[in-house]
Amino acid sequence: MTRLTTAQALVRFLARQHTERDGRRQRLIGATWGIFGHGNVAGIGQALVEHGEEMPYFQGRNEQSMVHAAVGYARQSNRLSAHAVTTSIGPGATNLVTGAALATVNRLPVLLLPGDVFATRPADPVLQQLEVPYAGEMSVNDCLRPVSKYFDRIHRPEALVPAALAAMRVLTDPAETGAVTLALPQDVQAEAYDWPEEFFAERVWRVRRPSPDEGELDAAAAVIGRAARPLIVAGGGVKYSGAQEALASLASLTGIPVASTQAGKGSLRHDHPQDVGAIGHTGTAVADHLARTADVVLGVGTRWTDFTTASGTLFTHPGVRFVNLNIAAFDSHKLAALPLVTDAREGLEQLHALLDPHHVTDDYAREYAEEKLRWEARVTAAYAAPDEAVPTQAQVLGVLDTLVTGDDILINAAGSLPGDLHKLWRTRSGDQYHVEYGYSCMGYEIPAALGVCLAAPGRPVWALVGDGTYLMNPTEIVTAVQERIPLKLVILQNHGYASIGGLSESVGGERYGTDYRFRAPDGTFTGAPLPVDLAANAESLGMRVLRARTIRDLREALAEARAATVPTCVYTETKTADTVSGPPPAQAWWDVPVAETSTRPSAVKAREEYDRHVTARRRHL
């Protein structure tokens with residue numbers, strides 16, 4: 001037996017957990033992020049001091065940001081390694097909720113260790129305690145229940161043993177993973193207990209690669225083999241399984257074109273003959289045309305969000321059938337699909353064996369190849385710009401496109417950039433494209449980039465943000481400076497919420513409240529742009545900053561930032577794109593309900609357009 005506090009025992013336990021897949025072993029919990037307050041400083045904080053040689057620690061500036069950093073690390077690690085996040089009680093704990101929701105929505109593992117109020121209640125209420133008259137055991141940490149895949153509150157030291165093991169099980173389950181919360185009452189954290197030595201033994205959690213059911217596999221292969229116009233939709237599960245090569249092999253064998261979701265983009269390189277780019281509302285013309293005419297759709301590792309299905313209006317072939325290859329049975333049954341519950345790599349390899357030597361018709365292959373070439377010409381046109389021009393957002397991506405290799409990793413999450421990236425970006429490696437669009441969380445990019453840098457040291461990591469996102473959450477720049485993490489930050493200044501401004505205009509909202517401008521005499525925000533200098537702000541936080549006004553400036557600044565060994569920011573003001581310099585418009589619809597009654601012409605017109613689109617919605621039964 002070993003006598004330790006509960007917090008000391010937890011830290012020692014976490015340091016001895018490992019995952020293993022395909023014979024490769026790594027630490028499950030690679031580090032702990034923390035901000036200390038009275039609810040965790042004497043517990044987890046002291047334990048990290050006591051066992052500092054076993055558990056690396058990173059000092060965060062915002063609790064939500066710490067979760068984003070942990071999520072970025074987990075995603076780059078293909079969910080095989082994760083980080084823990086510790087906070088005090090009160091606002092420190094509730095600040096975790098947004099990050100936890102993001103992790104769970106995106107099926108990414110993160111361990112949350114918020115402090116909690118006294119289990120023994122010697123003082124009641126304590127500082128920051130939420131009093132609930134009908135439930136004395138409830139605290140603010142209960143806000144984390146609906147956004148956690150596993151939640152437990154450790155009321156007694158000995159309760160940590162089953163709870164910690166259950167937490168590791170969920171973190172390492174590829175079908176169930178997400179945010180895992182162990183709420184730790186502050187008195188229990190500091191309480192000593194005699195722990196069995198077996199609790200601290202090295203433990204390996206093998207990440208499963210379940211094979212498909214033979215009947216499901218045969219049925220799936222039969223349906224795909226009879227298809228005249230099959231389409232594969234690659235989701236994030238392809239990447240997390242490490243199934244890129246298996247997908248490329250199946251696509252090459254059969255000639256079936258492959259479209260990708262936001263999470264799945266990069267499953268094939270952009271120049272693979274069967275890659276037809278992004279699908280859905282932010283998709284390419286070729287991928288969305290193929291989706292509309294497909295008679296069989298094989299979804300691999302996708303959860304079929306409304307952006308992917310164009311809110312149920314994209315797959316319009318009258319007899320279309322879906323086959324969903326997914327490790328989660330929940331996702332496999334969506335769209336009334338034939339389920340194929342299996343690991344993505346295992347399933348694709350076994351489909352390959354059954355479909356060999358099946359191939360789509362030459363006419364179908366020629367059709368999508370020619371459409372792909374036409375789309376590439378549109379991308380090139382959106383990227384093109386003279387050296388002296390002030391860049392559009394798409395042209396910024398075009399300049400970056402000329403500089404990066406397969407080593408570079410691009411991170412984005414919200415605003416208009418995800419749409420431009422999904423449609424335009426030419427992925428060069430399986431993990432280059434890192435766009436968090438399950439939760440589309442503004443403020444994710446900078447802290448997530450830190451996590452990615454820690455998971456992929458030595459690789460250029462770019463956080464691409466607009467001014468709205470930057471103002472939401474720039475604080476982890478300080479952490480990048482403190483840890484000398486060579487983050488490359490690109491700030492695009494367009495003076496407002498450009499994405500929602502465009503959406504507002506299209507649904508009759510007239511861009512109300514979406515521009516960062518002074519209030520005009522009529523009460524609207526239509527005055528001069530606000531005199532906010534984001535470059536100076538980033539510089540004040542310790543970053544090296546390069547300002548770029550023209551395309552030439554931008555090319556030089558991005559090249560310098562790419563070579564930099566310290567955190568470096570490239571700042572540029574972007575101009576509004578015209579029909580030539582802008583990216584192609586949306587190739588599929590997205591359902592954002594419009595006011596059914598209005599006296600304003602813009603809203604009336606928008607409702608007419610909405611009613612036209614909504615009639616195309618289809619329930620696949």
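Refer to the preceding data block for the structure.
K.L.:
Could you give an account of the overall build of the protein, with specific residues and numbers?
P.N.:
When you go through the protein residue by residue, the secondary structure sums to 24 helices and 23 strands. Projecting the C-alpha coordinates of the protein onto the three principal axes gives extents of approximately 70 × 70 × 55 Å. Distance between charge centres in the protein, computed from 58 positive and 70 negative side chains, equals 2 Å.

K.L.:
A description of the pattern of salt bridges should follow, citing residues and the corresponding values.
P.N.:
A pair can form between side chains of opposite charge whenever their charged atoms are brought close. Per the stated rule, a full pass over the model turns up 36 salt bridges. The partner of R426 in a salt bridge is D401, with the nearest N and O atoms 3.5 Å apart. Placement of R426 in the loop between α17 (417-424) and β19 (433-435) and of D401 in helix α16 (residues 393-403) is noted, with a sequence separation of 25 residues between them. Residue class for R426 comes out buried when judged on its relative accessible area of 13%. Within the structure, one salt-bridge network assembled from shared partners comprises D22, R209, D343, R345 and E349.

K.L.:
Would you mind going over the sheet that holds strand β18 (residues 409-412) in detail, with residue names and values included?
P.N.:
The parallel open sheet is built from six strands, whose spatial order is β19-β18-β20-β21-β23-β22. The open sheet terminates on both sides in strands that have one partner only, identified here as β19 and β22 (544-548). Each neighbouring strand pair of the sheet contributes to a mean axis angle of 20°, computed without reference to strand direction. Summarising the sheet, strand β21 (residues 488-493) and strand β23 (residues 568-573) pair through six bridges and their orientation is parallel. If you follow L489 over to β23, its bridge partner there is C569.

K.L.:
Describe the pairing of strand β8 (residues 150-153), with residues and values.
P.N.:
Alignment of β8 against strand β9 (residues 179-185), held across four bridges, turns out to be parallel. Considered in β9, the bridge of R153 is made with A183. For the crossover that starts at β8, traverses helix α6 (residues 160-171) and ends in the parallel β9, the hand is right-handed.

K.L.:
Tell me what's going on with the side chain of E54, and back it up with residues and numbers.
P.N.:
Inspection of the secondary structure assignment puts E54 in the loop between α2 (41-50) and β5 (57-59). For E54, a relative accessible area of 16% gives the class buried. At a separation of 2.4 Å, a polar atom in the side chain of E54 contacts the side chain of R16.

K.L.:
Go over the layout of surface pockets with me, naming the residues and quoting the values.
P.N.:
Computed from the structure, the second largest pocket encloses a volume of approximately 250 Å³. Considering the residues around the second largest pocket, the lining is formed by 14 residues, among which R75, Q76, N78, G430 and D431 are closest to the centre. Only α3 (63-76), α9 (236-241) and β19 provide two or more residues apiece to the lining of the second largest pocket.

K.L.:
Outline empty space enclosed by the protein, supporting the account with residue identities and numerical values.
P.N.:
Summed over the entire model, instances satisfying the criterion amount to three cavities of 30 Å³ or more. Lining the largest cavity are 20 residues; nearest its centre among them are K265, H270, D275, G277 and E376. Only β14 (275-278), α15 (362-383) and α17 provide two or more residues apiece to the lining of the largest cavity. The element contributing the most residues to the lining of the largest cavity is α15, with four residues. Residue composition of the lining of the largest cavity, by class: seven nonpolar, seven polar and six charged.

K.L.:
So, the sheet that holds strand β11 (residues 203-206): which residues are in play, and what are the values?
P.N.:
Sheets are built from strands that pair by backbone hydrogen bonding, the pairs being arranged parallel or antiparallel. Taken together, the three strands give an open sheet; going across it, the order is β3-β2-β11, and neighbouring strands pair in mixed fashion. The sheet terminates laterally at β3 (24-27) and β11, the two strands that pair on one side only. In this sheet, neighbouring strand axes are inclined to one another by 30° on average, regardless of whether the strands run parallel or antiparallel. One ladder, built from four bridges, connects strand β2 (residues 17-21) with β11; its direction is parallel. Residue Q17 lies in a different strand from β11, and its bridge partner there is R203.

What counts, and where the lines are drawn
Residues numbered from 1 in each chain as written. Predicted model: local features only at pLDDT ≥ 70, side-chain atom pairs only at ≥ 80, totals over all residues. Heavy atoms only, no water. Helix = DSSP H or I, 4+ residues; strand = E, 2+ residues; numbered from the N terminus. Lys, Arg positive; Asp, Glu negative; His and termini not counted. Charge placed at Lys NZ, Arg CZ, Asp CG, Glu CD. Salt bridge = Lys/Arg side-chain N within 4 Å of Asp/Glu carboxyl O. Buried < 20%, exposed > 50% of the residue type's maximum accessible area, 1.4 Å probe, protein only. Pairing = 2+ DSSP bridges. Axes fitted to C-alpha atoms, helices over the stretch in contact; angles between N-to-C directions. Right-handed = clockwise from strand over helix to strand, strands pointing away. Polar contact = N/O pair within 3.5 Å; in protein donor to acceptor, adjacent residues only side chain to side chain. 1 Å grid on protein atoms, 1.4 Å probe; cavity = no way out; pocket = protein on both sides within 12 Å on 5 of 7 lines; lining within 4 Å. Points joined across faces, edges and corners; volume = space filled by probe spheres on them. Nonpolar A, V, L, I, M, F, W, Y, C, P; charged D, E, K, R; others polar.

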